[in-house]
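# Summary of structural features
Here is what each chain is made of, one letter per residue.
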Amino acid sequence: MKWIKSKILFSLSLLLPLGSCNYNDARIDYDKQIKVCSTAESNGLIDMAAQACHQALKIADDQVFAPSEVSELLYQLGYLERQRGQFKDAEKLIRRSLAIEDLLKNQGKIASRLIELALNQAGQDLWLDGADTLKHVVPLLEGLSDNDRKAAAGAFRLFSVRLEMRGYAAEAKLFKADFPDRGNISGLATIN
């Protein structure tokens, strides 16, 4: 197993060098970094995935890529940084992505960013701040994809339990609902 990971690391490291002169070269480098990021993440190499995504973000920012593309990368990188326990860095990335999606008025993506932001706040032990962030997801629930609905259900469950454990019963109650395996969000309409 160690040999396989070493081989993957070596293969991925060959794709990391940068040095683009124009947009087409930058796009090729960007695509390589995205591939490294994705491959590394799927192999559990979170540090390498984050490094490649940071390189891709630098290229995207330098070349002024489309806002929607930059937002997706910021969101992915924010998720990776949360996995690495870098909650403050992750929060900055997610807030930047959220600002872009807000400008684009993409309600479904705004909701997913808010969920990720709340989870980052929880990682910093800012449960009440995270709960306040998560409340903003409620009006957006109907437009979520199945995966995002499941993520919302999981976040609501987590906040309900953690807030109650910390003595915030009233706030915890706001996030209690019946969540069958399919991520049903019925019962959350009462959250204000």
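Heads up: the structure comes first, above all this text.
Notes on the structure in this doc start here. Numbering of residues starts from 1 in each chain and follows the order in which that chain's sequence is written. It should be noted that, the model being predicted, local features are given only for residues of pLDDT at least 70 and side-chain atom pairs only at 80 or more, the latter also being counted only at that level, while totals for whole chains, interfaces and linings use all residues. The side-chain numbers reported here are obtained from all heavy atoms of the structure, hydrogens and water having been left aside.

### Some points on the overall build of the protein
A run of H or I in DSSP counts as a helix once it spans at least four residues, and a run of E counts as a strand once it spans at least two, with each numbered from the N terminus. In terms of regular secondary structure, the protein is built from nine helices and zero strands. Along its sequence from the N terminus, the protein presents helices and strands in the succession α-α-α-α-α-α-α-α-α. Relative to its 192 residues, the protein shows a buried fraction of 40%. Note on definitions: a residue-residue contact is assigned when non-hydrogen atoms from the two residues lie within 4.5 Å. If you take every contact in the protein between residues at least 6 apart in sequence, the share linking residues at least 24 apart comes to 56%. Under the convention used here, a 1.4 Å probe and the Shrake-Rupley method define accessible areas, while residue burial counts only the protein chains that appear. For the protein, the accessible surface area stands at approximately 10500 Å², while carbon and sulfur atoms represent 53% of it. Relative accessibility decides the category of a residue: with a 1.4 Å probe and only protein chains considered, values under 20% of the type maximum give buried, values over 50% give exposed, and everything between is partly exposed.

### Regarding helix 5 (residues 87-104)
For helix 5, built from 18 residues, the straight-helix expectation of 26 Å at 1.5 Å per residue is met to within 8% by its first-to-last C-alpha distance of 25 Å. For helix 5, the full list of buried residues reads Ala90, Glu91, Leu93, Ile94, Ser97, Leu98, Ile100 and Glu101. Contacts made by the buried residues of helix 5 are with helix 3 (46-63), helix 4 (67-83) and helix 6 (107-123). One or two residues past the end of helix 5 sits Lys105, with phi positive at roughly 55°. To estimate the expected span of a helix, subtract one from its residue number and multiply by 1.5 Å.

### Looking at the environment of Ala50
As for its position among the elements, Ala50 is in helix 3. When its relative accessible area of 0% is taken as the criterion, Ala50 is described as buried. C-alpha of Ala50 to C-alpha of Tyr79: the two residues are 29 residues apart in sequence and 9.3 Å apart in space.

### Section: the side chain of Ser160
Looking at the secondary structure, you find Ser160 in helix 8 (residues 146-165). Aside from chain neighbours lying at most four places away, what touches Ser160 is Ala172, Phe175 and Lys176.

### Describing the pattern of salt bridges
For this analysis, a salt bridge means a side-chain nitrogen from Lys or Arg found within 4 Å of a carboxyl oxygen belonging to Asp or Glu. The full count for this structure, using the stated rule, is 13 salt bridges. Among the salt bridges present, the one from Glu69 reaches Arg27, with a minimum N-O distance of 2.6 Å. Here Arg27 lies in helix 2 (residues 23-42) and Glu69 lies in helix 4, a separation of 42 residues in the sequence. Residue Glu69 is classed as partly exposed on the basis of its relative accessible area of 24%. As a salt-bridge pair, Arg166 and Asp125 come within 2.9 Å of each other at their nearest N and O atoms. Of this pair, Arg166 sits in the loop between helix 8 and helix 9 (169-174) while Asp125 sits in the loop between helix 6 and helix 7 (127-135), placing them 41 residues apart in sequence. A network of salt bridges, in which partner residues are shared, links Glu72, Glu101, Lys109 and Arg113.

### What to know about the nonpolar core
As used here, the term nonpolar core means buried Ala, Val, Leu, Ile, Met, Phe, Trp, Tyr and Cys residues forming a set that is joined through side-chain atoms within 4.5 Å. Counting 25 residues, the largest nonpolar core has Leu134 and Phe159 as the members making the most contacts within it. Contributions of two or more residues to this core are made by helix 5, helix 6, helix 7 and helix 8. At eight residues, helix 6 tops the list of elements feeding residues into this core. Excluding its chain neighbours within four sequence positions, the residues that come into contact with Phe159 are Ala118, Leu119, Ala122, Trp127, Gly130, Ala131, Leu134 and Phe175. Among the nonpolar cores identified, the runner-up in size contains 23 residues, and Cys37, Met48, Ala49 and Ile59 belong to it.

This is a description of form; function is not addressed.
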